[in-house]
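Below are the chains, spelled out letter by letter.
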Amino acid sequence: MKTTKRILLVGPLLPPVHGQSLAFTRFVESLVNEKKILVNTNLEDQSKLGKNFSTFSTLFTIIVKAIITNYDIVYFTCSRTILGSIKDILLINIVSLRQVKIVNHLHGSDFYEFLHNSPVWYKKILFHSYKKVNTSIVLLDSMKNQFKDFDNMKVEIVANFYDKELDIKLVKKEKDKINLVYLSNIMSSKGIFELIDAFEQLSKKYDNIYLNIAGGYIADEYMSIEKVKEKFTSKIALNNRIKYIGKAFANEKVKLLQNSDIFVLPTYYKSEAFPISIIEAMACRNVIVTTNYKYLPEVVSEENGVLVEPRSVDSLVEGIESLISDIGKLAQIQKHNKQEAKEKYSLDRYINNMKNIVMEI
């Protein structure tokens, strides 16, 4: 008789929507035959007071569930900040006393940097804790280096995926227009301002191109959320072929991507790894324009689109122009990307790979 496995899951559920919360939620939903003990780490209240309260509430919940519930496997998504990693350290050290399987999932690209840039005393705690993790999951083969300090840790690869809502019959793209789309957070390090400047130059030369932008305002190390909003609003007001949609989810996101021809993400975001948005765009027959930055060259090749230099408006103009000036090349890459997404990045494939790694004892 098959025994039902009990799994303690610690990670961010939807909403709000981002790559990590989508991936965690879909995996949790797939566990229909297992007993799930769940801790949601997503902080919906973004105020400082709300974040502090939610953090302590999450820590308390983790401690209680880790101590009093029964489980065979622990699966968590690791943080790369000192405040966020406190919950990971507590979790790892409490559950390791039971000698259960511990699986960590890294969705970013900066764990190694975080580990080695931490204060010496905290680095020792991190090393001591993560030595107890049995398996870590990363998005790409080269990302195995994020955990190269841990010889006894097994490191597995599971690529990101696109959601099933995108796997529907595609609508025909507009013949007389070339629609560019930006679908990500509106933040400086995602390259949004370089994109607007590049589009401003291109729109003077090509009268059939349009830019649709979707996403919410976010601060980063370069600019506060107030300055981002102010700069963004003033810039897009200068060009009537730029449309800001706001946050796009579900059917609105699907329609936006399906009506687009070129997906542009000129990112230099510090923890950029393998954006789900790129896969979603490929699934909807978009050519990809992104930066030659961190792990992105492993995701996007010449068969998928164009790589440009980070923070370079000129490089972005040249990359986009190489596509809009060659409709035949554009159509060929669009067709290829749809097929590649279906073969490599389906949700079913993601779930099967995850279960084979996490649920195996």
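Going by the structure above, here's the rest.
Residues numbered from 1 in each chain as written. Predicted model: local features only at pLDDT ≥ 70, side-chain atom pairs only at ≥ 80, totals over all residues. Heavy atoms only, no water.

Undergrad: I'd like a description of the overall build of the protein chain, backed by residues and values.
TA: Tallying secondary structure elements over the protein chain gives 13 helices and 12 strands in all. Relative to a compact globule of 361 residues, whose C-alpha radius of gyration would be 21 Å, the protein chain shows 21 Å and is just as compact. In terms of its C-alpha atoms, the protein chain occupies a principal-axis envelope of roughly 65 × 45 × 35 Å. With 361 residues in all, the protein chain has 55% of them scored as buried. Across the protein chain, the fraction of contacts at a sequence separation of at least 24, relative to all contacts at a separation of at least 6, is 74%. Summed over all atoms, the accessible surface of the protein chain reaches about 17200 Å², with 51% contributed by carbon and sulfur. Distance between charge centres in the protein chain, computed from 49 positive and 41 negative side chains, equals 6 Å. (Helix = DSSP H or I, 4+ residues; strand = E, 2+ residues; numbered from the N terminus. Rg over C-alpha atoms; globule rule 2.2 N^0.38 Å. Buried < 20%, exposed > 50% of the residue type's maximum accessible area, 1.4 Å probe, protein only. Contact = heavy atoms within 4.5 Å. Areas by Shrake-Rupley, 256 points an atom, 1.4 Å probe, with all protein chains shown as cover. Lys, Arg positive; Asp, Glu negative; His and termini not counted. Charge placed at Lys NZ, Arg CZ, Asp CG, Glu CD.)

Undergrad: Explain helix 7 (residues 225-236) to me, using residue names and the numbers behind them.
TA: Here helix 7 spans 16 Å end to end across 12 residues, near enough to the 16 Å set by a 1.5 Å rise per residue. When helix 7 is considered as a whole, its buried residues turn out to be Val228, Phe232, Lys235 and Ile236. Around the axis of helix 7, the buried residues are gathered within 85 degrees of arc, so they sit on the same side. Opposite the buried face of helix 7, by more than 90 degrees, sit the exposed residues Glu226, Lys227 and Glu230. Buried residues along helix 7 sit in contact with helix 6 (192-205), strand 8 (209-214) and strand 9 (242-246). (Expected span 1.5 Å × (residues − 1). Arc of directions from axis to C-beta.)

Undergrad: Kindly report on the sheet that holds strand 10 (residues 262-265), identifying the contributing residues and their values.
TA: Sheet architecture is open: six strands sit in the order 9-8-7-10-11-12, paired in parallel fashion. Either end of the sheet is taken by a strand with one partner, and the two such strands are strand 9 and strand 12 (305-308). Between one strand and the next, the sheet's axes are offset by a mean angle of 20 degrees, whatever the strand orientation. The sheet contact formed by strand 11 (residues 287-291) and strand 12 spans four bridges and is parallel. Its bridge partner being in strand 12, Thr290 is matched across the sheet by Leu307. (Pairing = 2+ DSSP bridges. Axes fitted to C-alpha atoms, helices over the stretch in contact; angles between N-to-C directions.)

Undergrad: For the nonpolar core, give the residues involved together with the corresponding values.
TA: In this structure, Leu8, Tyr130 and Ile213 are the most contacted members of the largest nonpolar core, which totals 97 residues. Ranked by residues supplied to this core, first place goes to helix 6 with seven residues. Residues in contact with Leu8, not counting those within four places in the same chain, are Ile37, Val39, Lys65, Ala66, Tyr71, Ile73, Val74, Tyr75, Leu91 and Val95. Within the second largest apolar cluster, 23 residues are counted, among which are Ile7, Leu13, Val103 and Ile357. (Core = buried A, V, L, I, M, F, W, Y, C linked by side-chain atoms within 4.5 Å.)

Undergrad: Now, about the sheet that holds strand 3 (residues 73-77): what can you tell me, with residues and values included?
TA: Spatially, six strands are ordered 2-1-3-4-5-6 in an open sheet, and the strand pairing comes out parallel. Both edges of this open sheet fall to strand 2 (35-40) and strand 6 (154-157), since each of them pairs with a single strand only. Sheet twist, expressed as the average angle between the axes of neighbouring strands with direction ignored, equals 20 degrees. Of the strand pairs in this sheet, strand 3 and strand 4 (residues 101-105) are connected by five bridges, and their pairing is parallel.

Undergrad: I'd like to hear about the pattern of salt bridges, residue by residue, with values.
TA: Applying the stated criterion across every chain yields a total of 14 salt bridges. The residue Lys144 makes a salt bridge to Asp141 at a minimum N-O spacing of 3.8 Å. By relative accessible area, which is 48% here, Asp141 ends up partly exposed. Connected through shared salt-bridge partners, Arg26, Glu29 and Asp163 make up one network. (Salt bridge = Lys/Arg side-chain N within 4 Å of Asp/Glu carboxyl O.)

Undergrad: Kindly report on the pairing of strand 7 (residues 178-183), identifying the contributing residues and their values.
TA: Counted residue by residue, strand 7 has six buried out of six residues, so it is predominantly covered. Neither face of strand 7 is left uncovered, since the one carrying Ile178, Leu180 and Tyr182 and the one carrying Asn179, Val181 and Leu183 both have all their residues buried. Taken together, the six bridges between strand 7 and strand 8 define a ladder with parallel strand orientation. Note on strand 8: the bridge partner recorded for Asn179 is Tyr210.

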